[in-house]
Amino acid sequence: MTFEEMPEEWQEWLALTPLERFRQSEKLFAQYLAMGGSLDPDPDPTSPFYDPETSSTGAAYGRPGLRVLRRGAV
Amino acid sequence: MGGQACVFYGAAQFSKDVDLALLASEENFSRLLAALGELNAKRIAVPRFDPALLARGHAVHFRCHGGEADGLRVDVMTRLRDLPDFEVLWARRATIRDEGGETFELMSVQDLVQAKKTQRERDWPVIDALVEAHYRALGGEPTPERVAFWLAESRTPERLIGLAQRFPAEARAQSSRRPLLSLAFSGASEALREALDAEARAEQAKDRAYWAPLKAELEAFRRAERKGA
């Protein structure tokens, strides 16, 4: 995807300096953790490090205390 | 290197881990282990920390416990497929300094692109984004090295067609090394897309072949640890 085709959010991200991006990323990371985001690797069967026996899909929406009460049709 | 470097270069918004490419030396390993000790980092997967395994291309995975870095994963490698020795990577690195004087040493974008040419599907859009971000930032200041990088690594038909129009002599010269560049002159975006896809598949096959013996070793290490657990 060329820059011109990117969504506005990504264009704005690229307009930042590298250091500004790093600072913003720190904030996003803190928010992610505050919302209960998991630091486990995403299951990726195409990765050479993937171990089906230890890899899990993780808790619903990251936070261990959250449970899925209703799923959509698929 | 890895996702954190991608944040600096504009190809990611955040990363859940820290990937370090490390100089393989006894002194450096001592410093690494001391730093990991300060973070109370424990190994979380095979293989164990062993310089000989790192030298063969394995990665060692740790997770920090306690403090600000609690839960953070740190992956360490000293050798990456089709990338030169650490000394060369270090000489080509990018350095960014913040207002407080803290410096961040990043794998160069060219080397990061190469490092991302893996069998993992999710790495390929990152390459696209890395090159596009680089072109967006520096397209107005082309140098022979930058033009060569864009022509060698762009993964968007529209960008390749634009580059061939803008730098026709360089694109022609480089087409012997990257044959799909010849398609860019005719503006054949669909054929380019197919050629780009084939290029990625070939590179993924190379990565799978590189990792096949290492994966077999990882499986043996896992079996041994489960047996010993």
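Residues numbered from 1 in each chain as written. Chains lettered and ligands numbered in written order. Predicted model: local features only at pLDDT ≥ 70, side-chain atom pairs only at ≥ 80, totals over all residues.

**As for the sheet that holds strand 2 (residues 42-43) of chain B**
Residue and element names in this part refer to chain B.
Here's step 1: If you trace the 4 strands from one edge of the open sheet to the other, you get 1-4-3-2, paired in mixed fashion. In this open sheet, the two edge strands, each paired with only one partner strand, are strand 1 (17-21) and strand 2.
Here's step 2: Relative to strand 4 (residues 73-77), strand 1 runs parallel, the two being bridged by 5 bridges. Within strand 4, the residue paired with D19 across the bridge is D75. (Pairing = 2+ DSSP bridges. Helix = DSSP H or I, 4+ residues; strand = E, 2+ residues; numbered from the N terminus.)

**Focus: the domain arrangement of chain B**
How large an interface is tends to be reported as the accessible area lost when its parts come together.
Residue and element names in this part refer to chain B.
Here's step 1: Domain boundaries assigned for chain B yield domain 1 (2-108) and domain 2 (123-209).
Here's step 2: Here the C-alpha centroids of domain 1 and domain 2 sit 29 Å apart.
Here's step 3: Tallying the contact residues gives 6 residues for domain 1 and 5 residues for domain 2.
Here's step 4: Broken down by class, the residue content of the side of domain 1 that touches domain 2 amounts to 4 nonpolar, 1 polar and 1 charged. (Domains from an automatic or database assignment. Contact = placed C-beta atoms within 7 Å. Nonpolar A, V, L, I, M, F, W, Y, C, P; charged D, E, K, R; others polar.)

**Comments concerning unusual backbone geometry**
Residue and element names in this part refer to chain B.
Here's step 1: Following V46, the chain continues into P47 via a peptide bond in cis, with omega recorded as 0 degrees.
Here's step 2: Mapped onto the secondary structure, P47 falls in the loop between strand 2 and helix 3 (51-55).
Here's step 3: One non-glycine residue, D82, adopts positive backbone phi at about 60 degrees.
Here's step 4: Here D82 shows up in the loop between strand 4 and helix 4 (86-91).
Here's step 5: The exposed category is assigned to D82, around which 12 C-beta atoms lie within 10 Å. (Buried ≥ 20, exposed ≤ 12 C-beta atoms within 10 Å, placed from the backbone.)

**Focus on the interface of chain B and chain A**
Here's step 1: Taken together, the contact pairs 29 residues of chain B with 20 residues of chain A.
Here's step 2: Among the elements of the structure, helix 1 (2-9), helix 6 (123-138), helix 8 (157-166) and helix 11 (189-228) of chain B are those that each provide at least two residues to the side of chain B that touches chain A.
Here's step 3: For the side of chain B that touches chain A, the residue count by class is 11 nonpolar, 5 polar and 13 charged.

**Some thoughts on the pairing of strand 6 (residues 103-106) of chain B**
Residue and element names in this part refer to chain B.
Here's step 1: Pairing geometry for strand 5 (residues 94-97) and strand 6, over 4 bridges, is antiparallel. Residue A94 lies in a different strand from strand 6, and its bridge partner there is L106.
Here's step 2: The hairpin formed by strand 5 and strand 6 contains 5 residues between the paired strands, and G101 there has a positive phi angle of roughly 90 degrees.

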